[in-house]
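Structural overview
Residue strings, one per chain:
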Amino acid sequence: MALLSTTDFPFVIEKRDDFSHGRIDLHSHTHCSDGSLSPQTLIDRAVNYQIDVLAITDHDTLAGIDIAQRYINEQKVPITLISGVEISTAWQGFEIHIVGHNFDQNNDQLLQLITEQQQAREQRAITIGEKLAQCGFPDAYDDAKKSAGKGSITRAHFAKVLFQQGHVSTMQKAFDQYLGKKGRNTQKAYVKPTWCSIEQAVDVIHVAGGSAVMAHPIRYDLSAKWLRRLIVHFKECAGDGLEIVLPQMNPQQRQIMLNYCLEYDLHASTGSDFHHPNKWSDLGKNLILPDGAKPVWTLWS
């Protein structure tokens, strides 16, 4: 298996079937991107919630993986950590996220893509800061950088700043009024990203020995016609699977996503997309693959 592959933290899961009997969450975030918890605290929370297999999938960074694995080793924490990353891509004017799982995190091509993504992310943040300054928030960029700390800066950090400083009533309002593509403010601060393509993301994940999964397809602001187009394109790019189970999905949505997997012969993944402790989308919450789905981890052999 091409599990988390570092000289410091080598380990192997001997049987992929072991996954079918435990709690699995393959989509989570730390403060290395836009999550609120440190990698160590995330691991503690996962153990408290009896998660057996966890993937840390921060946005365009691998920084949290080694920290978490070192903590697991030092504390002898009973959890299996899977290498992960959530890569932002551009498709037909939409931002689509591709999650990589179970890859060699030292792969040169993967690291090069992540470097390029980080540069694009930083430039976007600078431009967002300039636009927010024109909206009357001159220190938004500096404050967002402080909020991000050593992690990847995201629009969520700007939203957090606007909310904490009382400029908007909720973080979602920051997106609705300023940061989102459909922002209502006449001086909105939306900046079109310059991410890599879906094909580039999938190719690099595969070169690094991992599997490529489309994150939360149900959440994109797409009609059924456009969602199908997206899935067809993803399949043409040799994508491996769809994330068909998230905490906040009704049975009909899960069935629709399973049908897409079956129709296009794609594997299925499951993840909470955990960012912050809350009752709606906590680690491992409601993450059960439906009957008939081919789990993405069956590819990890």
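Residues numbered from 1 in each chain as written. Predicted model: local features only at pLDDT ≥ 70, side-chain atom pairs only at ≥ 80, totals over all residues. Heavy atoms only, no water.

A closer look at the packing of helix α4 (residues 140–148) against helix α5 (residues 155–164)
A packed helix pair is summarised by two numbers, namely the angle formed by the two axes and the spacing between the axes. Close contact between α4 and α5 brings their axes to 8 Å; oriented N to C, the two are set at 110 degrees. Here α5 runs roughly perpendicular to α4, going by the angle between their axes. Crossing handedness for the pair α4 and α5: right-handed. For the pair α4 and α5, contact is made by Ala140, Tyr141, Asp143, Ala144, Ser147 and Ala148 and by His157, Phe158, Lys160 and Val161, respectively. (Axes fitted to C-alpha atoms, helices over the stretch in contact; angles between N-to-C directions. Helix = DSSP H or I, 4+ residues; strand = E, 2+ residues; numbered from the N terminus. Parallel < 35°, antiparallel > 145°, perpendicular 65-115°, else oblique. Left-handed = near helix turned anticlockwise from the far one by under 90°. Contact = heavy atoms within 4.5 Å.)

A look at the packing of helix α3 (residues 108–134) against α5
Between α3 and α5, the shortest axis-to-axis distance is 10 Å and the interhelical angle comes to 30 degrees. The angle between α3 and α5 places the two elements in the roughly parallel class. The hand of the α3/α5 crossing is right-handed. Residue-level inspection shows Arg124, Ala125, Ile128, Gly129 and Leu132 of α3 in contact with α5, the latter providing Arg155, Phe158 and Leu162. Its residues placed into classes, the contact of α3 with α5 shows five nonpolar, one polar and two charged. (Nonpolar A, V, L, I, M, F, W, Y, C, P; charged D, E, K, R; others polar.)

Quick word on the packing of aromatic side chains
Aromatic rings considered in pairs are described by the distance between their centres and by the relative angle of their planes. Counting across every chain of the model gives three aromatic pairs. Put simply, the rings of Trp91, Phe94 and Trp226 touch in pairs and so form one group of aromatic residues. If you follow Arg229 out to its NZ or CZ, it ends over the ring of Trp226, 4.5 Å from the centre. (Phe/Tyr/Trp six-rings, centres within 6.5 Å; stacked < 30°, edge-to-face > 60°. Lys NZ or Arg CZ within 6 Å of the ring centre and 35° of its normal.)

Things to note about the environment of Ile51
Of note, Ile51 is situated in the loop between α1 (39–48) and β2 (53–56). Counting along the chain gives 28 residues from Ile51 to Ile79, while the straight-line C-alpha distance between them is 7.0 Å. If we ignore the near neighbours within four places in the chain, the residues touching Ile51 are Arg23, Asp25, Ala46, Pro78, Ile79, Leu283 and Gly284.

What to know about the state of the cysteines
Summed over the entire model, instances satisfying the criterion amount to zero disulfides. Cysteine Cys196 is unpaired, with the sulfur of Cys237 as its nearest cysteine sulfur at 11 Å. (Disulfide = S-S within 2.5 Å.)

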